[in-house]
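Single-letter residue listing:
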Amino acid sequence: MRNKKEFNVPFMKYVGGKGQFVDAIARLMPPKFGKGTFSNYYEPFLGGGAVALNMLLLSVPRKVYLSDITPELINTWHCVQRNPIRLLRSLHDIKLPACIEDYQSVRKEYNVAKCRDINTGAKWIDSMTDKQKFTIAAQYIYLNKTGVNGIYRVSKRKNEFNISWNKQLKPCFPNHQHLSEVSMLIRNAEITCQSFTLALRGVQENDLVYADPPYDKTYDNYTANGFGVEGQVHLFNVLQNMSARGAHVFASNSDTDYVRSLYSGWEKVILQRKGTISSDGCDRGKVNELLMFKRAMELQNVA
Ligand SMILES: C[S@@+](CC[C@H](N)C(=O)[O-])C[C@H]1O[C@@H](n2cnc3c(N)ncnc32)[C@H](O)[C@@H]1O
């Protein structure tokens, strides 16, 4: 039996990451094997992928579809999937930050590449050489581990990553064993950079969908355009549609009156998060969030 703690831990810190809740979420999801299990797994707001890695540790879905709208995040997942050793080598090529200038020079190099052509969306990475892709992925992990609280925030005007150096932090980079194990877990997953609307088009009866979008009324700066109320409403409509198709659908969000009324008619469980981060990097203490779900009929009959 593999030691869960070693192998399914995300290799990045992520604002809104579900590391604290993976067991609670897994308990409510359809069983991994036998009667009432699911077919394909979809996670369209991947981030650090805590729920996906936990799910992949024990179950064997027919196919796994992981996606996110952030190109540099998906590039990093691709590098882990393809060649974790090469990624670690690129990470070791970057000097640990001894002063603010060290951090800023990596951030600047990263932003020059990132902002080369703001209008091409994911294509700015597609047009890179393999070496550049691994370098950008290593810089992404470096900035994630040495910046304030693992926040990924981009400026609205220039789309530049604008988080400061966390001087107090002793960075904890993933090691060889960790990245290799994650790489093994995701080896057959289809990992794509796209919006949730496109990512969920293929969902069918008995598939399992887990959606962890930017939350209502909290941190919403993962992308330059934000998510907003329109994003919440659009996502809800898409998820309702998946449920009507017979999929098992799970969604996380903040525990607000708005979210409760939007998802009225869905089952809800409150999860209490320790140490929530606001967009300016402050710790807001314990905060409730909601896990909402509609399971497919077949499973309801089994239960
Ligand atoms: C709350 S985080 C996900 C955290 C993740 N579940 C974890 O455990 O680390 C939300 C993610 O949604 C992504 N995102 C924002 N807008 C999106 C969209 N329209 N389509 C797909 N992904 C989007 C962001 O890039 C971010 O990674």
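Residues numbered from 1 in each chain as written. Predicted model: local features only at pLDDT ≥ 70, side-chain atom pairs only at ≥ 80, totals over all residues. Heavy atoms only, no water.

Trainee: How would you summarise the overall build of the protein if you had to cite specific residues and measurements?
Mentor: Counting its secondary structure elements, the protein contains 13 helices and seven strands. Buried positions account for 52% of the 303 residues belonging to the protein. Contacts spanning at least 24 positions in sequence make up 76% of the contacts within the protein whose residues lie at least 6 apart. Counting every atom, the protein has about 14,500 Å² of accessible surface; 51% of that belongs to carbon and sulfur. (Helix = DSSP H or I, 4+ residues; strand = E, 2+ residues; numbered from the N terminus. Buried < 20%, exposed > 50% of the residue type's maximum accessible area, 1.4 Å probe, protein only. Contact = heavy atoms within 4.5 Å. Areas by Shrake-Rupley, 256 points an atom, 1.4 Å probe, with all protein chains shown as cover.)

Trainee: Please give an account of the packing of aromatic side chains that cites residues and values.
Mentor: Counted according to the given criterion, the structure contains twelve aromatic pairs. Between tyrosine 110 and phenylalanine 161 the ring centres are 6.1 Å apart and the planes differ by 80°, which places this aromatic pair in the edge-to-face class. Taken together, the positions of tyrosine 110 in helix α6 (residues 100-114) and phenylalanine 161 in the loop between α8 (130-146) and α9 (176-185) put the pair 51 residues apart, joining distant regions of the chain. Judged by relative accessible area, which is 0%, tyrosine 110 ranks as buried. Connected via pairs of aromatic rings, a cluster forms that spans Phe45, Phe196 and Phe227. (Phe/Tyr/Trp six-rings, centres within 6.5 Å; stacked < 30°, edge-to-face > 60°.)

Trainee: Summarise the pattern of salt bridges; cite the residues concerned and give the values.
Mentor: Applying the stated criterion to the full structure yields eight salt bridges. With a closest N to O distance of 2.7 Å, aspartate 255 and arginine 260 form a salt bridge. The exposure class of arginine 260 is partly exposed, given its relative accessible area of 32%. Between glutamate 289 and arginine 273 there is a salt bridge, and its shortest N-O distance comes to 2.7 Å. Linking glutamate 289 in strand β7 (residues 287-294) with arginine 273 in strand β6 (residues 267-273), this pair joins segments that are 16 residues apart in sequence. No difference in accessibility class separates glutamate 289 from arginine 273, as the two residues are buried. (Salt bridge = Lys/Arg side-chain N within 4 Å of Asp/Glu carboxyl O.)

Trainee: So what's going on with the sheet that holds strand β3 (residues 190-193)? Which residues, and what values?
Mentor: Read across the open sheet, the seven strands follow the order β3-β2-β1-β4-β5-β7-β6; overall the sheet is mixed. Each edge of the open sheet carries a strand with a single partner, namely β3 and β6. Within this sheet the neighbouring strands show an average axis-to-axis angle of 15°, counted without direction. As paired strands, strand β1 (residues 41-43) and strand β2 (residues 64-68) are joined by three bridges and run parallel to one another. Residue tyrosine 42 lies in a different strand from β2, and its bridge partner there is tyrosine 65. (Pairing = 2+ DSSP bridges. Axes fitted to C-alpha atoms, helices over the stretch in contact; angles between N-to-C directions.)

Trainee: Provide a residue-level description of the layout of surface pockets, including the pertinent values.
Mentor: Here the second largest pocket is characterised by a volume of approximately 280 Å³. Lining the second largest pocket are 13 residues; nearest its centre among them are Leu56, Val60, Leu185, Arg187 and Asn188. Taken together, the residues that form the lining of the second largest pocket break down as seven nonpolar, two polar and four charged. There are two domains that each give the lining of the second largest pocket at least three residues, and those are domain 1 (1-69 + 194-303) and domain 2 (70-191). (1 Å grid on protein atoms, 1.4 Å probe; cavity = no way out; pocket = protein on both sides within 12 Å on 5 of 7 lines; lining within 4 Å. Points joined across faces, edges and corners; volume = space filled by probe spheres on them. Nonpolar A, V, L, I, M, F, W, Y, C, P; charged D, E, K, R; others polar. Domains from an automatic or database assignment.)

All we've got here are geometric facts, nothing functional implied.
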